[in-house]
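Descriptive analysis of the structure
Each chain, letter by letter, is given below.
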Amino acid sequence: MHIGRNSFVSPQAIIEQPENIYIGNNVQIKPGVVLRPETGFIHIGDNVVINHYTVIHAKGGVEIGEWVVIGPHCGIFAQNHSFDSFDLPITRQPNQGIGVT
C-alpha cells in the first residue's frame, strides 16, 4: 500500500489487500472505514477525508479524486450481483465489477 506524505490511516480502519490501494498526500482515513479492493483497486487522490464507517468495495475499481470529503456511514460498491435467473438465489449468481470514479 502506498501512503502519501502527511496521510493518516486509523488503526481501527479495516484494510484488505493493501497492495491494491494507493493513498495520496494529506489523506485522512477515519476509524471504522473498510477498504476492500477484492480483484480491483482503490486509488485515493490528495487532500481527501473518508469519514467514520464508510465502506468501499472495489471489485471493478474505485478512483477518488482530489479534495473529496466522504461523509460517515457511506458505501461505495463498484460491483453488483447479476440477477439473470429467478431460479437461483442472488448469492449464487455472478458478481460483476464495474468501476466507480
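The following paragraphs examine the structure supplied in this document. (Residues numbered from 1 in each chain as written. Predicted model: local features only at pLDDT ≥ 70, side-chain atom pairs only at ≥ 80, totals over all residues. Heavy atoms only, no water.)

Quick look at the overall build of the chain now. Each helix and strand counted, the chain has zero helices and 14 strands in total. Secondary structure of the chain in N-to-C order comes out as β-β-β-β-β-β-β-β-β-β-β-β-β-β. Taking the principal axes of the C-alpha coordinates as reference, the chain spans close to 50 × 20 × 20 Å. A total of 101 residues make up the chain; the buried ones form 37% of that total. When contacts within the chain are restricted to residue pairs at least 6 apart in sequence, those whose partners lie at least 24 apart make up 6%. Surface exposure of the chain reaches about 5900 Å², of which carbon and sulfur atoms provide 54%. (Helix = DSSP H or I, 4+ residues; strand = E, 2+ residues; numbered from the N terminus. Buried < 20%, exposed > 50% of the residue type's maximum accessible area, 1.4 Å probe, protein only. Contact = heavy atoms within 4.5 Å. Areas by Shrake-Rupley, 256 points an atom, 1.4 Å probe, with all protein chains shown as cover.)

All chains considered together, the criterion is met by two salt bridges. Between R36 and E38 there is a salt bridge, and its shortest N-O distance comes to 3.4 Å. Since its relative accessible area comes to 29%, R36 is described here as partly exposed. (Salt bridge = Lys/Arg side-chain N within 4 Å of Asp/Glu carboxyl O.)

Looking now at the nonpolar core. In terms of nonpolar packing, the biggest core is built from 18 residues, with I29, I44, I50, I56 and I64 touching the most fellow members. Those elements that provide at least two residues to this core are β4 (21-23), β7 (42-44) and β10 (62-64). Excluding residues within four positions of it along the chain, I44 makes contact with Y22, I23, G24, V27, I29, L35, I50 and I64. (Core = buried A, V, L, I, M, F, W, Y, C linked by side-chain atoms within 4.5 Å.)

Attention now goes to the sheet that holds strand β12 (residues 75-77). Remark on secondary structure: sheet strands pair via backbone hydrogen bonds, oriented parallel or antiparallel. In space, the four strands of this open sheet follow the order β3-β6-β9-β12, with parallel pairing throughout. Edge positions in the open sheet fall to β3 (14-15) and β12, since each of these has one partner strand only. In the sheet, strand β9 (residues 55-57) pairs with β12 via three bridges, with the strands oriented parallel. Paired with H57 across the two strands is F77, which belongs to β12. (Pairing = 2+ DSSP bridges.)

Turning our eyes to something else, we now look at the sheet that holds strand β11 (residues 69-70). Taken in spatial order, the four strands of this open sheet run β2-β5-β8-β11, and their pairing is parallel. Pairing within the sheet leaves two strands with one partner each, and these edge strands are β2 (8-9) and β11. Both strand β5 (residues 28-29) and strand β8 (residues 49-50) contribute to a ladder of two bridges, which runs parallel. Residue Q28 lies in a different strand from β8, and its bridge partner there is V49.

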